[in-house]
Structure formats: structure tokens, C-alpha cells
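Okay, here's what each chain looks like letter by letter:
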Amino acid sequence: MQLRIKKLRADAVVPSYQTDHSAGMDVCAAIDVPITLGHLERAIVPCGFAMSIPEGYDVQVRARSGLAAKQGIGLVNGVGTIDADYRGEVGIILINYGKEDFVIHNGDRIAQIVLAKYERAVWQEVTELDETARGAGGFGST
């Protein structure tokens, strides 16, 4: 599938897969000056591009496992969603859960994005639900 992307600055890096079987494409920071995140500080890091996502798809923003494991860098919102009708600059909301300052430089790989197909639901209000073996058990019940 081809996606349309518009660079908003000349040095912006187009998201790319790092291996033949990667589900996510790495996205990079597009910043003029380094950003330092102290312990529990957060920032929206611009990526220097906008994109056109086809109807029926979204782009999910996910943390990079290496940054999470080695430096404690995650996403404030867990997993981000970029909707098909958004045309602005992509920004990644990072947080530093680590104890040490983390410095982001222009071109650093800061997150990954995954294109995902979805369907919109229409709720049907009912008075009864079908029975399952699990029933209402949750939060550790299994």
C-alpha cells in the first residue's frame, strides 16, 4: 500500500521499516535544538512531516522498545492514534520515566508507527447479552 507523505522541512526523515518483517516504521525527531527530558518530564516532539491516511485506516504510534528498556522513554498516552482525516504535522508525546536526563537530537529515532485497518461500530442497545464461560469475571479472574 502506498501512503502520501509531505515533508514540512528539508531534513525531515521519512518513516521507514528497519527489517523485512518489521510491523512498525521508525519515526525521527525533526527539531532545531536538542530537547532534554528530565525525570517524568514530557514533550511533544515534532517529526517534520504530514501524511494522508486512507479512509478505514489509522496510524498507531508506539514506543520503541529499545528506548523504553534502556532509557525509560515511553509515550504519555500509551499508544497514540493518528486519524485518517488529520493532515497536520506528526508529533510524538514522549515522557521520561528514567532517572537520568534524556536528550533528543534532530534525526533521532523516537517512536514507531503502525498502519492499521479498522471498522467503525454501531451500538445496538439490548437488555440481555449472550452467555460465556467467563461471564463478568475480569481483572485477574482468569
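Details of the structure are given in the entry above.
Cut-offs applied
- Residues numbered from 1 in each chain as written.
- Predicted model: local features only at pLDDT ≥ 70, side-chain atom pairs only at ≥ 80, totals over all residues.
- Heavy atoms only, no water.
- Disulfide = S-S within 2.5 Å.
- Buried < 20%, exposed > 50% of the residue type's maximum accessible area, 1.4 Å probe, protein only.
- Salt bridge = Lys/Arg side-chain N within 4 Å of Asp/Glu carboxyl O.
- Helix = DSSP H or I, 4+ residues; strand = E, 2+ residues; numbered from the N terminus.
- Contact = heavy atoms within 4.5 Å.
- Pairing = 2+ DSSP bridges.
- Axes fitted to C-alpha atoms, helices over the stretch in contact; angles between N-to-C directions.

Caption draft 1: Summary view of the state of the cysteines. For the structure on display, the rule yields 0 disulfides. Of the cysteine sulfurs around Cys28, a residue in no disulfide, the closest is that of Cys47, at 7.9 Å. By relative accessible area, Cys28 is classed as buried at 6%. The buried category is assigned to Cys47, whose relative accessible area is 0%.

Caption draft 2: Geometry of the pattern of salt bridges. Counting across every chain of the model gives 4 salt bridges. Across the pair Asp26 and Arg64 runs a salt bridge, and its minimum N-O distance is 3.6 Å. Highlighted residues: Asp26 in strand β2 (residues 25-28) and Arg64 in the loop between β6 (57-62) and α1 (65-71), separated in sequence by 38 residues. Grouping residues by exposure puts Asp26 and Arg64 together as buried.

Caption draft 3: Quick look at the environment of Cys47. Within the secondary structure, Cys47 sits in the loop between β4 (42-46) and β5 (49-52). Taking C-alpha positions, Cys47 is 9.1 Å from Asn106, a pair spaced 59 residues apart along the chain. Every residue in contact with Cys47, bar those within four places of it in the chain, is listed here: Ala12, Val27, Cys28, Ala30, Glu89, Val90, Ile92 and Ile110.

Caption draft 4: Here's a closer look at the sheet that holds β2. With respect to topology, 4 strands assemble into an open sheet ordered β2-β11-β6-β8, the strand pairing being antiparallel. Each edge of the sheet is formed by a strand with only one pairing partner; in this case those strands are β2 and β8 (80-82). The sheet shows a mean angle of 35 degrees between the axes of neighbouring strands, taken without regard to direction. Strand direction decides the pairing type here: β6 and β8, joined by 3 bridges, are antiparallel. Within β8, the position partnered with Gln60 by the bridge is Thr81.

Caption draft 5: Representation of the environment of Val114 within the structure. Relative to the helices and strands, Val114 is located in strand β11 (residues 109-117). Owing to a relative accessible area of 10%, Val114 belongs among the buried residues under this scheme. Along the sequence, Val114 and Thr19 sit 95 residues apart, while their C-alpha atoms lie 14 Å from each other. Not counting residues within four places of it along the chain, the set of residues in contact with Val114 comprises Ala23, Gly24, Asp58, Val59, Gln60 and Arg62.

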